[in-house]
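Architecture and fold: a report
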Amino acid sequence: MRPEDSSGDGFGVSPPRRRRLRTKLSAVLVAAAAAATPALTACGADYEQGTINIYAAADGFDYITEVAERCSADSSGEYTIATHMLPKEADMQRLQLARRLTGNDAGLDLMAMDVVWTAEFADAGWVVPVPGDMASEIEANTLAGPLETVMWKRDDEPAKRPYAIPMWTNSQLLWYRPDVMKDDLGRRSAPTTWDGMLADARKIGDAGGPSQILLQAKQYEGLMVWFNSLLASAGGEVLDPDDPTKVTLTDTPEHRAATVKALSVMRAVATAPGADPSLSNSDEGTASDGMEKGIGAFEINWPFVFAGIKENGAAGEAQIMGDSLTGFKDIIDATADNPTDPRIAQVNKVVRTKFDFAPYPGIVKGEPARSTPGGFNIGVASTSEQQDLAFKAAACLTDENAQKVYGVRGGTPPTREALYDDAEFKLAYPMSEVIRRQLDEGAAPRPATPRYQDISTAITATLSPAGRWDPERKADEIAAVTQRAIDGEGIVP
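Residues numbered from 1 in each chain as written. Predicted model: local features only at pLDDT ≥ 70, side-chain atom pairs only at ≥ 80, totals over all residues. Heavy atoms only, no water.

**A closer look at the overall build of the protein**
For the protein, the count of helices and strands is 20 helices and 13 strands. Compactness check: the protein gives a C-alpha radius of gyration of 22 Å against a globular reference of 23 Å for 493 residues, within 12% of the reference. Seen through its principal axes, the protein has C-alpha atoms that stretch 70 × 55 × 40 Å. Within the protein, the proportion of its 493 residues that are buried is 58%. Restricting the contact set of the protein to residue pairs at least 6 apart, pairs at least 24 apart contribute 76%. (Helix = DSSP H or I, 4+ residues; strand = E, 2+ residues; numbered from the N terminus. Rg over C-alpha atoms; globule rule 2.2 N^0.38 Å. Buried < 20%, exposed > 50% of the residue type's maximum accessible area, 1.4 Å probe, protein only. Contact = heavy atoms within 4.5 Å.)

**Quick word on the sheet that holds strand E11 (residues 296-301)**
Taken together, the four strands give an open sheet; going across it, the order is E8-E11-E7-E12, and neighbouring strands pair in mixed fashion. If you trace the sheet from one side to the other, it starts and ends with strand E8 (212-214) and strand E12 (356-358), each paired once. Each strand axis lies, on average, 25° off the axis of its neighbour in the sheet, ignoring direction. Relative to E11, E8 is paired through three bridges, and the arrangement is parallel. Counted as the bridge partner of Leu-214 is Glu-299 from E11. Strands in contact with helix H11 (residues 284-293) are strand E7 (173-176), E8 and E11; relative to E11, the strand with the most contacts, it is inclined by about 150°. (Pairing = 2+ DSSP bridges. Axes fitted to C-alpha atoms, helices over the stretch in contact; angles between N-to-C directions.)

**A word on the state of the cysteines**
Within the structure shown, the criterion is met by one disulfide. Cys-71 shares a disulfide with Cys-396; S-S distance 2.1 Å. Taking the sign of the torsion about the S-S bond as the criterion, the disulfide between Cys-71 and Cys-396, at about -95°, is left-handed. Of this pair, Cys-71 sits in helix H2 (residues 61-74) while Cys-396 sits in helix H15 (residues 387-397), and the two are 325 residues apart along the sequence. Considered together, Cys-71 and Cys-396 belong to a single accessibility category, that of buried residues. (Disulfide = S-S within 2.5 Å.)

**Here we look at the pattern of salt bridges**
This model, assessed by the stated rule, comprises 30 salt bridges. Residues Glu-78 and Lys-392 are paired through a salt bridge, measuring 2.6 Å at the closest nitrogen-oxygen approach. Remark: Lys-392 occurs in helix H15 and Glu-78 occurs in the loop between H2 and strand E2 (80-85); sequence separation between them is 314 residues. For Glu-78, a relative accessible area of 38% gives the class partly exposed. Several salt bridges converge on common partners, so that one network encompasses Glu-417, Glu-433, Arg-436, Arg-437, Asp-440 and Glu-441. (Salt bridge = Lys/Arg side-chain N within 4 Å of Asp/Glu carboxyl O.)

**So, the nonpolar core**
Residues Trp-194, Trp-226, Phe-227 and Phe-298 are the most contacted members of the largest nonpolar core, which totals 71 residues. In terms of residue count, helix H10 (residues 253-271) provides more of this core than any other element does, seven residues in total. Discounting chain neighbours no more than four positions away, the residues touching Trp-226 are Trp-194, Leu-215, Gln-216, Ala-217, Met-266, Val-269, Tyr-360 and Ala-466. Within the second largest apolar cluster, 41 residues are counted, among which are Ile-165, Trp-168, Val-405 and Tyr-406. (Core = buried A, V, L, I, M, F, W, Y, C linked by side-chain atoms within 4.5 Å.)

**Considerations on the sheet that holds strand E1 (residues 51-56)**
Pairing in this open sheet of five strands is mixed, and the strands run E2-E1-E3-E13-E6 from one edge to the other. Among the strands making up the open sheet, the edge pair consists of E2 and strand E6 (165-170). If you compare each strand with its neighbour and ignore which way they point, the axes differ by 20° on average. In this sheet, strand E13 (residues 374-380) lies alongside strand E3 (residues 110-114) in antiparallel orientation, the contact comprising five bridges. Within E13, the position partnered with Asp-114 by the bridge is Phe-376.

**Digging into the confidence of the model for the protein**
A residue-level look at the protein finds 90% of positions with pLDDT of 70 or above and a mean pLDDT of 91. In this model residues 1-6 is a low-confidence stretch, pLDDT under 50, and it forms 24 contacts with partners more than four residues away in sequence or in other chains. (pLDDT = per-residue confidence, 0-100.)

**Remarks on unusual backbone geometry**
Following Ser-464, the chain continues to Pro-465 via a peptide bond in cis, the omega torsion being 0°. Considering the arrangement of structural elements, one finds Pro-465 in the loop between helix H19 (452-463) and helix H20 (471-486). Phi is positive for Ser-76, which is not a glycine, with a value near 55°. Take Ser-76: it is sitting in the loop between H2 and E2. Here Ser-76 falls in the exposed class, since its relative accessible area comes to 70%. Not every positive phi belongs to a glycine, and Asn-104 is a case in point at roughly 55°. Here Asn-104 is to be found in the loop between helix H3 (90-102) and E3.

**Structural notes on H3**
Compared with an ideal rise of 1.5 Å per residue, which puts 13 residues at 18 Å, H3 spans 18 Å between its outermost C-alpha atoms and is within 8% of the ideal. For H3, every residue scored as buried is listed here: Ala-90, Asp-91, Gln-93, Gln-96, Leu-97, Ala-98, Arg-100 and Leu-101. Backbone geometry just after H3 places Asn-104 at a positive phi near 55°. (Expected span 1.5 Å × (residues − 1).)

**A look at the environment of Arg-267**
Tracing the sequence through the fold places Arg-267 in helix H10. According to the relative accessible area criterion, Arg-267 is partly exposed, its value standing at 34%. For Arg-267 and Gly-467, which are 200 residues apart along the polypeptide, the C-alpha to C-alpha distance reads 3.6 Å.

**Observations regarding helix H18 (residues 432-441)**
The set of residues buried in H18 consists of Ser-432, Val-434, Ile-435, Arg-436, Gln-438 and Leu-439. Residues of H18 that are buried in the fold lie against helix H6 (144-150), E6, E7, E12 and helix H17 (423-428).

**Points about the packing of aromatic side chains**
Each aromatic ring pair is specified by the distance between its two centres and by the angle formed by the two planes. Within the structure shown, the criterion is met by twelve aromatic pairs. Their ring planes at 75° and their centres at 6.0 Å tell us that Trp-168 and Phe-376 sit as a pair that is edge-to-face. With Trp-168 in strand E6 and Phe-376 in strand E13, this pair connects stretches of sequence that are 208 residues apart. You can call Phe-376 buried: its relative accessible area is 5%. Ring plane angle 70° and centroid distance 6.0 Å describe the contact between Trp-175 and Phe-357, whose orientation is recorded as edge-to-face. With a gap of 182 residues between them, Trp-175 in strand E7 and Phe-357 in strand E12 connect regions that are remote in the sequence. (Phe/Tyr/Trp six-rings, centres within 6.5 Å; stacked < 30°, edge-to-face > 60°.)

Structural data, given as structure tokens:
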């Protein structure tokens, strides 16, 4: 088992909004925990006609509830959506859903599914394939990366088809210090490759500036996300997309070279002069904190860090911003929940003088990177006694109006391409065009397989502590443990 698990996407909710939700969520979680045992023993209980129950993770739960209330009102009495909170940890979410599904819980209609669960839930018969017309609409309007996370082909099917409806997505960016770049390197632009970033970090360190590259490398899903992005950027992949039982990490000279290159980058980051000494314990939070404190030249992280530094900067707690944001505190506070006030553009401009974003760095100069998408999809449970109605509710929970709420107020990028032209979303998300390109043209979804949990557990355990190994030997080791995971050997479920 992994020591800690998450969806590996930092869930995209900004730290300020996380803190505001904490008090409210705590009361709900206490109630949920108290009710957990009787709820599970009630699996298989009767359902209520017209009530669509959706189970969703704690992160983003308030925004789903808000949209559910709108959908229920708009249905003119056809259905009412009841929201139920799952735990914060992805493993516990999956476990609770699995218990209800295997218990044939007719009261389970909709599930907010981590993007890596699609194949497992489809092969288990736990989720219903999306009907034809709705599937066509999804395929026409969804960015390529998020779309791939809902597609799967069971052995008895002729082709892949959607098994869930995309709800929101996510994509990591390179965050950097343009002020430090200008002072120490004479330019403000970010590096475009990992080798370039390592060289820049070393020069900045030699000049007395911050030298660390901050990212997610402890033994958890974030390490799998890092490895998967590097591997895809180098031209490799964990499994054959046409045969998910075939491990492709070292099966050809080209695939082996890509795997070794990805591992070599990890080792270079871990062993570079001035590297993060706590790299093997780093996650999204430590990377964000380190950057705000001024110990990092570069950071790989999800977009929530942009909202976080604004609130912390307004309070004078983000050291790299000095007092440059304290005069904007009223604007930042007023726009924290709805950052579409035009005045926020001036704040964003100030932030980007010292904390800016750039595309995810590539492996090969001149070739775009591939980055791992995160997010959640909604699936209709096979146990539901009202699946047609559940699909109607799911369509409303994932339409453009819904995804705008999740994106603008919740901080999670939309899966629908049209929203990237929405003026309010672009104002709230100044990095929206970079994210759109990464999700549509440069996405590298994690390997699609019913054994994903086992594969991720095996790979992250083998890679940890990150970079403290020989890449050639490590390539053979991760190929071997991945094959054992596919074969169901040596993994504790």
